[in-house]
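# Working through the structure, step by step
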Amino acid sequence: MDTPLRFDSLLVHGGLEAGPAGATAVPIVQSSSFAYETADALEDVFRGRAAGQVYTRLGNPTTEALERRLALLDGGGTAIATASGMAAITTTVMTIVRAGDEVLASSSLFGGTFSLFRDTLSNFGVTARFVDPLDPESVRAAINDRTRLLFVETVGNPKLDVPDIPQLAGIAHEAGVPLVVDATVTTPYLADGAKLGADIVIHSTSKYINGSGTSIGGAIIDRGVFNWNSPRFPHFETFHKKYRQFAFTARARKLVHKDVGACAAPFNSFLLTEGILTLALRMERHCDNALALARFLKAHPKVAWVNYPGLEDSPGHEVATRLYGGRYGGLLTFGTGAKETAFRVINALAMVKNLANIGDAKTLVIHPASTICADYSLADKALMGVSEDLIRVSAGIEDRDDIIEDFNRALDAI
Amino acid sequence: MTITINGKETALAESPARTVASLLDELEVAQRQYVTVELNGEILDRDAFGNIPVRGGDTLEFLYFMGGGR
């Protein structure tokens, strides 16, 4: 098509190539490997002279269709789909850092990412330093000669702090450091990687991009805008010489993604391409329902506090309004003053599910302090904004009155 | 004139003005933003594609960084 499609149309048509027999859904190519008639033809594919698939760990037609669409949604570049969101982060960081290097990261990270950075990477000689992403000057001051990337989330999960990502991009780029943005909570629908100024965008596609809670997946989008030709990145020299602005993707594809093997399964890639079709419609409803529930909870006498960036008195409201076009996502948190009452509320919910996930069509809750953050000290929990009474809610796409009535009934239990 | 592209001898009309950039156009090479070009064993600077002439007997390799073509 000659005219570039608008975002909502890209969701439906972007990156789609005609399938066999005129198929318009992405075909599921459930094959481990791909045969060639001659040794010469397979050699050409291995050498990169010819397009083609070799082995699903390296690439797969269904997964490639997903990758094409994901890259378009974040403003262009290339994408790598991975087995999970954590696989996407691990692959990204291992592509950029080597032993002796430092990762500078937001202090309000998702627990899994915090653990990867602090506990796992440290075993391989990589040091993670954590800074408050709401304090740009402390971010600037924390960048040193060993810093190889700045990692932030668009909205901290579950802290729900909202950093000024374009401002952080400016600070990172002044120092010659790439900005890696985990945009799982906002999705490209609220703001794409180009608008945010991200060099690399991460999504846990298990969440809103899938939308139905059916499969685990992740994505790395290399926007192809960072200059890797720098003394800070001597290990990118050959890749930059050959592949220029896509040196990161080349290094990831040829080394880390290939060697680690955390590839997307073709059937999951299919489910994710199906999920993307309805991302805009679902995000609108997630945002509307979250705002309605936040307002209801704020007015409820048994609720001690509510945090939702869409509430005007939320600390993240001003930045979120500026960056995300008046939409504030599907996540909110609230407290009733104590762990004991939080448990009673969760136990009394009927429709709403108590489980460890976000971004599902179904409304979900969890008590992070006793579950996804249970392994962390009180000091670490405080850094992540996890209090003992905090309930995290992922607003689903059900009728908002049913969601509110379920919470209303559950709050009667305390 | 004849050049070798990705291991195959290829006959082209004589054109003294032919550069690597114009050859990529002429051959309608897919996904140009991702392709790496080697000329007689040397990786070329992408920004210089328009200034580097292609001559008879040259050996060129068009390479992509992944099996899927990009």
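For the structure itself, consult the block above.
Residues numbered from 1 in each chain as written. Chains lettered and ligands numbered in written order. Predicted model: local features only at pLDDT ≥ 70, side-chain atom pairs only at ≥ 80, totals over all residues. Heavy atoms only, no water.

Along its length, chain B carries one helix and five strands. Against the 2.2 N^0.38 benchmark of 11 Å for 70 residues, chain B shows a C-alpha radius of gyration of 11 Å, consistent with a compact globule. Projected onto its principal axes, the C-alpha positions of chain B cover 30 × 25 × 20 Å. Of all 70 residues assigned to chain B, the portion counted as buried reaches 50%. Excluding contacts between residues fewer than 6 apart, the proportion of contacts in chain B whose partners are at least 24 apart in sequence is 54%. Element-wise, carbon and sulfur atoms account for 48% of the exposed surface of chain B, whose accessible area totals about 3,400 Å². Taking the average location of the 6 positive side-chain charges in chain B and that of its 11 negative ones, the two points are 5 Å from each other. (Helix = DSSP H or I, 4+ residues; strand = E, 2+ residues; numbered from the N terminus. Rg over C-alpha atoms; globule rule 2.2 N^0.38 Å. Buried < 20%, exposed > 50% of the residue type's maximum accessible area, 1.4 Å probe, protein only. Contact = heavy atoms within 4.5 Å. Areas by Shrake-Rupley, 256 points an atom, 1.4 Å probe, with all protein chains shown as cover. Lys, Arg positive; Asp, Glu negative; His and termini not counted. Charge placed at Lys NZ, Arg CZ, Asp CG, Glu CD.)

Residues and elements named next belong to chain A. Taken in spatial order, the seven strands make up an open sheet running S1-S7-S6-S5-S4-S2-S3, and their pairing is mixed. The strands lining the two open edges of the sheet, one partner per strand, are strand S1 (78-82) and strand S3 (127-131). Sheet twist, expressed as the mean angle between neighbouring strand axes with direction ignored, is 20°. In terms of strand pairing, strand S2 (residues 102-106) meets S3 through five bridges, oriented parallel. When the sheet's bridge partners are listed, Ala-105 is paired in S3 with Phe-130. Sheet strands in contact with helix H3 (residues 61-73) are S1 and strand S7 (218-222), and its direction is about 130° off that of S1. (Pairing = 2+ DSSP bridges. Axes fitted to C-alpha atoms, helices over the stretch in contact; angles between N-to-C directions.)

On to the sheet that holds strand S11 (residues 364-366) of chain A, then. Residues and elements named next belong to chain A. Pairing in this open sheet of five strands is mixed, and the strands run S8-S9-S12-S11-S10 from one edge to the other. The open sheet has two free edges, formed respectively by strand S8 (305-307) and strand S10 (353-354), since each of these has just one partner strand. Here three bridges tie S8 to strand S9 (residues 331-335), and the two strands are oriented antiparallel to one another. In the strand pairing of S9, Asn-307 is matched with Thr-333. Of the strands in this sheet, S9, S10, S11 and strand S12 (390-394) touch helix H15 (residues 339-348), which is tilted by about 30° from S12.

A few words now on helix H12 (residues 266-277) of chain A. All names here are of chain A. Here H12 is twelve residues long and its end C-alpha atoms lie 17 Å apart, about the 16 Å a rise of 1.5 Å per residue gives. For H12, the complete set of buried residues consists of Pro-266, Ser-269, Phe-270, Leu-272, Thr-273, Gly-275 and Ile-276. The elements touched by buried residues of H12 are helix H1 (7-13), H3 and helix H13 (279-299). (Expected span 1.5 Å × (residues − 1).)

Another aspect to go through is the side chain of His-317 of chain A. Residues and elements named next belong to chain A. Take His-317: it is sitting in helix H14 (residues 317-323). A distance of 2.8 Å separates a polar side-chain atom of His-317 from the backbone oxygen of Pro-309. In this structure the side chain of His-317 is engaged in a polar contact, spanning 3.4 Å, whose partner is the backbone oxygen of Leu-311. (Polar contact = N/O pair within 3.5 Å; in protein donor to acceptor, adjacent residues only side chain to side chain.)

In the segment running from Asn-157 of chain A into Pro-158 of chain A, the intervening peptide bond is cis, with an omega of 5°. For Glu-28 of chain B, which is not glycine, the phi torsion reads 50° and is therefore positive. By the secondary structure assignment, Glu-28 of chain B is in the loop between helix H1 (20-26) and strand S3 (36-39). Owing to a relative accessible area of 70%, Glu-28 of chain B belongs among the exposed residues under this scheme. Residue Asn-40 of chain B is not a glycine yet carries a positive backbone phi of 50°. Tracing the chain through its elements places Asn-40 of chain B in the loop between S3 and strand S4 (42-43).

Residue and element names in this part refer to chain A. Counted by the stated rule, this structure contains 25 salt bridges over all chains. For Arg-49, the salt bridge goes to Asp-44, with nearest N and O atoms at 3.2 Å. Taking the relative accessible area as the measure of exposure, Asp-44 reaches 12% and is therefore buried. (Salt bridge = Lys/Arg side-chain N within 4 Å of Asp/Glu carboxyl O.)

Moving on, we come to the packing of aromatic side chains. Residues and elements named next belong to chain A. Across all of its chains, the model carries 13 aromatic pairs over all chains by this definition. On the numbers, 6.0 Å between centres and 45° between planes, the contact of Phe-7 with Tyr-189 is tilted. One end of the pair, Phe-7, is in helix H1; the other, Tyr-189, is in helix H8 (residues 187-190), and 182 residues separate them in sequence. In this structure Phe-7 comes out as partly exposed when scored by relative accessible area, which is 21%. Ring geometry for Trp-228 and Phe-233: centres 5.0 Å apart, planes at 75°, overall edge-to-face. Per residue, the accessibility class of Trp-228 equals that of Phe-233, and both read buried. Seen from the ring of Phe-236, Arg-251 lies directly overhead, with NZ or CZ sitting 5.3 Å from the centre. (Phe/Tyr/Trp six-rings, centres within 6.5 Å; stacked < 30°, edge-to-face > 60°. Lys NZ or Arg CZ within 6 Å of the ring centre and 35° of its normal.)

Shape is all these values report; function is a separate question.
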